[in-house]
Amino acid sequence: MAADKALNLQMQVRRNTEELGDFLKDLDRWEDDIKSKDEDLKISKTSGSTVGRACFRLPPVRNQAKKKKVKKNKDVSKDQKMKSRISSYDYRSWDKLNVDELINDLEEKEEMETLTSSDDGDGDEMLDDDDEQAEEERRLQRALLEKDKGNDFFKIGRYKEAINCYTTAMQLDPNNAIFPANRAMALLKVERHGAAELDCDLALSLDYSYTKAYLRRGKARSHLNKLHESLSDFKEALRLEPGNKQAQQEILNLKQVSKPCVIFCVHVSY
């Protein structure tokens, strides 16, 4: 066993010696390469050949000039900030500082900001007003279109459809006296005299000088056997439009109906 260990140790020493020799040979070759490169460099410098210069000239570093400029700008801005600030120990600068002027500048800036904000608010309000006005105009136009549709239905005898159109027009524009007066006209055709009278009341509350509303209410009241009120409506229509043939004819009709009946008693003697 001891002999085997000694043999293994000798073999290990031999391997180590061989590896060391190989390492030294590699080191010698590396030194030779370095020396040859140094000689080539010396030759290229002394000869001044363009090939040597091209081979050994290093490329410039990218963005080096820009970095220097940026650095300078940063330094300048930093210096300006430092100059704009007054050191807490610079008592002379603090003595020269005009506090009133600084306060006035701050107040002017605040006033300008307030004015700009208020101007923006006024602009928004104006836009809102314009939008509301445009929406109002569209709504009134729709009401007129519904009224025209109702008139078309009325002309062909479709009175219920006409009533629906006039109702929609009244909802879109409740301040127009024409729409309830037109609906009253259609209601008279379907013999809804009480509703027609109410629509005429509404129309006259919006426009007390609307002649057609008086004529239609007078017609509705005559059917409701309100002869005295009906006669007053026709007279008012005639006052507003002297020579109105419909009012004149209706007044004549009412006078004939309201004449007292004369009963002749015939005495028969036997």
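Residues numbered from 1 in each chain as written. Predicted model: local features only at pLDDT ≥ 70, side-chain atom pairs only at ≥ 80, totals over all residues. Heavy atoms only, no water.

## Digging into the pattern of salt bridges
This structure, assessed with the given rule, holds 13 salt bridges. Close ionic contact of Glu197 with Arg221 constitutes a salt bridge, the shortest N to O distance being 3.0 Å. With Glu197 in helix H8 (residues 193–206) and Arg221 in helix H9 (residues 211–223), this pair connects stretches of sequence that are 24 residues apart. With respect to burial, Glu197 and Arg221 carry one shared label: buried. A salt bridge links Arg217 to Asp201; the nearest nitrogen and oxygen atoms lie 2.7 Å apart. Taken together, the residues span a long stretch of sequence, with Arg217 in helix H9 and Asp201 in helix H8 at a distance of 16 residues. Judged by relative accessible area, Arg217 falls into the buried class, the value being 13%. Salt bridges sharing common partners tie together Glu197, Asp201, Arg217, Arg221, Lys226 and Asp233. (Salt bridge = Lys/Arg side-chain N within 4 Å of Asp/Glu carboxyl O. Helix = DSSP H or I, 4+ residues; strand = E, 2+ residues; numbered from the N terminus. Buried < 20%, exposed > 50% of the residue type's maximum accessible area, 1.4 Å probe, protein only.)

## Regarding a negative patch on the surface
A contiguous patch of negative charge, built from Glu101, Asp105, Glu107, Glu108, Glu110, Glu111 and Glu113, is present on the exposed surface. Structurally, Glu110 is set in helix H5 (residues 99–155). (Patch = residues over 30% accessible without salt bridge, like charges linked within 9 Å, V, L, I, M, F, W, Y side chains within 5 Å. Areas by Shrake-Rupley, 256 points an atom, 1.4 Å probe, with all protein chains shown as cover. Lys, Arg positive; Asp, Glu negative; His and termini not counted. Charge placed at Lys NZ, Arg CZ, Asp CG, Glu CD.)

## Some words on unusual backbone geometry
The phi dihedral of Glu191 is positive, around 60°, even though this residue is not glycine. As for its placement among the helices and strands, Glu191 is situated in the loop between helix H7 (178–189) and H8. Accessibility expressed as a relative area gives 62% for Glu191, which makes it exposed. Not every positive phi belongs to a glycine, and Asn225 is a case in point at roughly 65°. Structurally, the position occupied by Asn225 is in the loop between H9 and helix H10 (227–240). Classification of Asn225 by relative accessible area gives exposed; the value is 61%.

## Some thoughts on helix H6 (residues 159–172)
With 14 residues, H6 extends 20 Å from end C-alpha to end C-alpha; this agrees with the ideal 20 Å at 1.5 Å per step. When we look at burial in H6, the residues that qualify are Ala162, Ile163, Cys165, Tyr166, Ala169, Met170 and Leu172. (Expected span 1.5 Å × (residues − 1).)

## Quick notes on the side chain of Arg221
With a relative accessible area of 13%, Arg221 lands in the buried category. Polar side-chain contacts of Arg221 include one of 3.0 Å to the side chain of Asp233. (Polar contact = N/O pair within 3.5 Å; in protein donor to acceptor, adjacent residues only side chain to side chain.)

## Thoughts on the UniProt feature "repeat: TPR" (unreviewed entry) in the protein
According to UniProt, the positions carrying the feature "repeat: TPR" (unreviewed entry) are residues 143–176 and 211–244. The distance from the first to the last C-alpha atom of residues 143–176 is 9 Å, and the span holds 79% helix and 0% strand. The annotated region residues 211–244 carries 79% helix and 0% strand content, and the separation between its end C-alpha atoms amounts to 10 Å. (UniProt positions renumbered as here; feature names shortened; annotations may be inferred.)

## What to know about the packing of aromatic side chains
Given two aromatic rings, one states the distance between the centres and the angle between the planes to describe the pair. In the structure shown here, the tally under the stated rule is one aromatic pair. When the centroid spacing of 5.2 Å and the interplanar angle of 65° are considered together, the rings of Phe154 and Tyr159 count as edge-to-face. Tyr159 gets classed as partly exposed once you look at its relative accessible area, which sits at 24%. (Phe/Tyr/Trp six-rings, centres within 6.5 Å; stacked < 30°, edge-to-face > 60°.)

## Things to note about the layout of surface pockets
By rolling a water-sized probe across the atoms, one finds the places where empty space is left. There is about 160 Å³ of room inside the largest pocket. Lining the largest pocket are Met185, Leu188, Thr211, Lys212, Leu215, Arg216, Lys219, Glu241, Asn244 and Gln246. Mapped by element, the contributors of at least two residues to the lining of the largest pocket are H7 and H9. In terms of residue count, the dominant contributor to the lining of the largest pocket is H9 (five residues). (1 Å grid on protein atoms, 1.4 Å probe; cavity = no way out; pocket = protein on both sides within 12 Å on 5 of 7 lines; lining within 4 Å. Points joined across faces, edges and corners; volume = space filled by probe spheres on them.)

## A few points about H8
The terminal C-alpha atoms of H8, which comprises 14 residues, lie 20 Å apart, in line with the 20 Å expected from a rise of 1.5 Å per residue. Taken residue by residue, H8 has His193, Ala196, Glu197, Asp199, Cys200, Ala203 and Leu204 as its buried positions. Buried residues of H8, seen end-on, are gathered within an arc of 165° and therefore sit on one face of the element. Every exposed residue of H8 that faces more than 90 degrees away from the buried side is listed here: Leu198 and Ser205. On the buried face of H8, the contacting elements are H6, H7 and H9. (Arc of directions from axis to C-beta. Contact = heavy atoms within 4.5 Å.)

## Quick word on the nonpolar core
Formed by 14 residues in total, the largest nonpolar core has its most connected members in Ala203, Leu204, Tyr210, Ala213, Leu215, Phe234 and Ala237. When near neighbours in sequence (up to four residues on either side) are disregarded, Ala237 contacts Thr211, Tyr214, Leu215 and Ala247. Formed by 12 residues, the second largest nonpolar core is a distinct cluster that contains Ala162, Met185, Leu187 and Ala220. (Core = buried A, V, L, I, M, F, W, Y, C linked by side-chain atoms within 4.5 Å.)

## Here we look at the packing of H7 against H8
It is the contact of H7 with H8, at a shortest axis distance of 8 Å, that shows an interaxial angle of 165°. Of the possible angle classes, the one that applies to H7 and H8 is roughly antiparallel. Judged by the sense of rotation from one axis to the other, the crossing of H7 with H8 is left-handed. On H8, the residues that touch Pro180, Ala181, Arg183, Ala184, Leu187 and Leu188 of H7 are His193, Ala195, Ala196, Asp199, Cys200, Leu202 and Ala203. Looking at side-chain class alone, the contact of H7 with H8 contains 10 nonpolar, one polar and two charged residues. (Axes fitted to C-alpha atoms, helices over the stretch in contact; angles between N-to-C directions. Parallel < 35°, antiparallel > 145°, perpendicular 65-115°, else oblique. Left-handed = near helix turned anticlockwise from the far one by under 90°. Nonpolar A, V, L, I, M, F, W, Y, C, P; charged D, E, K, R; others polar.)

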